[in-house]
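In case you want the letters, here they are:
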Amino acid sequence: MTALSLHEVTKSFGTHRVLEGIDLHVPAQGLIAVLGPSGCGKTTLLRLIAGFAVPDDGRIAFGERTVFGDGRTVPPQRRKVGYVPQEGALFPHRTVAANITFGLPRRDRGSQDRLHELLALVGLDQRLATRFPHQLSGGQQQRVALARALAPRPSVVLLDEPFSSLDAGLREGTGRAVAAALRATGATAVLVTHDQAEALSLADRVAVLRNGRLVQFDTPAELYRRPHDPGVAQFIGDAVLLPAEIRGGKADCVLGTLVVRNPSADGPAQVLIRPEQIRLQAATGITARVDDLSYYGHDATLRAMLLPGGPQITVRVGAGDLPEPGTMIRLAVSGDVLAYPADKGAFPD
Ligand SMILES: Nc1ncnc2c1ncn2[C@@H]1O[C@H](COP(=O)(O)OP(=O)(O)OP(=O)(O)O)[C@@H](O)[C@H]1O
């Protein structure tokens, strides 16, 4: 089984440095997500791994095999990579079966066994084999695209925002089916996305790119719980960042005295609180005024102004018994918080 590793990979277009010293190791059979805002270099990174573009410097290896670096550049067709692009990648005038078997050696294209195996792997009904792409839903088309990429048994599969054209309902189900199929084949996979929820819910580990640099590579839980800096904290989910003063492992801020999770020097700092850590209290707590509320069915988010002088913060609350905008509430923080130096910037910087 093949691990994928990048060492000090750098790429510029003209004078524009798009990727800077990327070090990344994807364990064999791992599924990682590369997450970052538009233009941060995600697609470029995939293209370098696939061999569609060539780094200026660094090394890329599939297992023990160097595919770029040490004076060597293996062409894309010899890298054994499966590539799933955003959309519209299927041949419109070929059936599902012909699309899926396209990348197989000619002698294997008629193999019904392999075709049935691939359809089952991506969770598609065998009867769809004779349809044309325009007779499929967007989610079904992306599953066919994955089946086509998996047909030649690639050791590495690269997916470039494969669900971006799907609506929210279809996205989640298709994402789960695709991740399950990738895991079942044992391929090592890299999924590019700008959707935080997709990255957190599907990948084993998430690589966060910012301005062409890898700022954090962690499991979804660790990324959410211990973002490296306030910018990553704000990029991964909702974040309440408040100025604080650290003293002996505790932070004094407008929401009270809170236990700090990470080792932090005494002095000025800022603390990260997730909105779901802030609870509505009946009698005690910090007074705030509800400014507005977004209702999601399973829960709700409210913006509340801490009194007397602010700031406005985001609080996640259960869907029952919601306070009306304009009413006064009491708030308290549960659990510990993460502290950062006071001068750390926002995302992207
Ligand atoms: N062939 C190219 N020539 C010149 N500049 C390029 C080329 N390809 C990409 N770029 C530039 O490199 C930067 C990163 O592009 P890339 O497509 O990798 O970003 P991305 O993170 O995938 O963005 P998005 O999420 O919008 O697809 C952008 O500023 C883009 O304009």
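For every chain, the first residue of the written sequence is number 1, and numbering continues from 1 along that sequence. In keeping with the predicted nature of the model, local features appear solely for residues at pLDDT of at least 70, side-chain atom pairs appear and are counted solely at 80 or more, and the whole-chain, interface and lining totals rest on all residues. Calculated side-chain values reflect all of the structure's heavy atoms, with hydrogen atoms and water omitted.

**A closer look at the domain arrangement of the chain**
And step 1. Domains are outlined according to an automatic or database domain assignment. Parsing the chain into structural domains produces domain 1 (4-225) and domain 2 (238-341).
And step 2. Using only C-alpha atoms to locate each centre, domain 1 and domain 2 end up separated by 39 Å.

**Here's the deal with the sheet that holds strand β20 (residues 328-333)**
And step 1. Strand pairing requires that DSSP identify at least two bridges connecting the strands. To qualify as a helix, a DSSP run of H or I must reach at least 4 residues; to qualify as a strand, a run of E must reach at least 2; elements of each kind are numbered from the N terminus. The strand order β16-β20-β17-β18-β19 describes an open sheet built from five strands, whose pairing is antiparallel. Strands with a single pairing partner mark the edges of an open sheet, and in this sheet they are β16 (278-281) and β19 (312-318). Ignoring strand direction, the axes of neighbouring strands in this sheet form an average angle of 50°.
And step 2. Note: β16 against β20, four bridges, orientation antiparallel. Residue pairing across strands places Leu280 opposite Leu331, the latter belonging to β20. Angles here are taken between N-to-C directions and fall from 0 to 180 degrees, while the axes themselves are lines fitted to C-alpha atoms, restricted in helices to the stretch in contact.

**Remarks on the packing of aromatic side chains**
And step 1. Stacked, tilted and edge-to-face pairs are distinguished by plane angle, under 30 degrees for stacked and over 60 for edge-to-face with tilted covering the rest, among Phe, Tyr and Trp rings (Trp via its six-membered ring) whose centres lie within 6.5 Å. Considering all chains together, one arrives at two aromatic pairs under this definition.
And step 2. Between Phe91 and Phe102 the ring centres are 4.6 Å apart and the planes differ by 55°, which places this aromatic pair in the tilted class. Of this pair, Phe91 sits in the loop between β7 (81-84) and α2 (96-101) while Phe102 sits in the loop between α2 and α3 (112-121), and the two are 11 residues apart along the sequence.
And step 3. Residue exposure (1.4 Å probe, protein chains only): buried if accessible area is under 20% of the type maximum, exposed if over 50%, otherwise partly exposed. Judged by its relative accessible area of 29%, Phe91 is partly exposed.

**Quick look at the sheet that holds strand β14 (residues 256-259)**
Hydrogen bonds between backbone atoms are what pair the strands of a sheet, whose relative direction is either parallel or antiparallel.
And step 1. Taken together, the five strands give an open sheet; going across it, the order is β14-β13-β12-β15-β21, and neighbouring strands pair in antiparallel fashion. Each having just a single partner strand, β14 and β21 (338-341) make up the two edges of the open sheet. On average, each strand axis in the sheet is tilted by 45° relative to the strand beside it, whichever way the strands run.

**Concerning the pattern of salt bridges**
And step 1. Here, a salt bridge means any side-chain nitrogen of Lys or Arg that lies within 4 Å of a carboxyl oxygen of Asp or Glu. Scanning the model with the defined rule gives 17 salt bridges in all.
And step 2. Between Arg226 and Glu222 there is a salt bridge, with the nearest N and O atoms lying 3.6 Å from each other.
And step 3. Note on Arg226: relative accessible area 30%, which makes it partly exposed.
And step 4. Residue class for Glu222 comes out partly exposed when judged on its relative accessible area of 31%.
And step 5. Residues Asp336 and Arg225 are paired through a salt bridge, measuring 4.0 Å at the closest nitrogen-oxygen approach. Taken as a pair, Asp336 in the loop between β20 and β21 and Arg225 in helix α7 (residues 220-225) lie far apart in primary sequence, 111 residues in all.
And step 6. Under the relative-accessibility criterion, Arg225 is labelled partly exposed at 40%.

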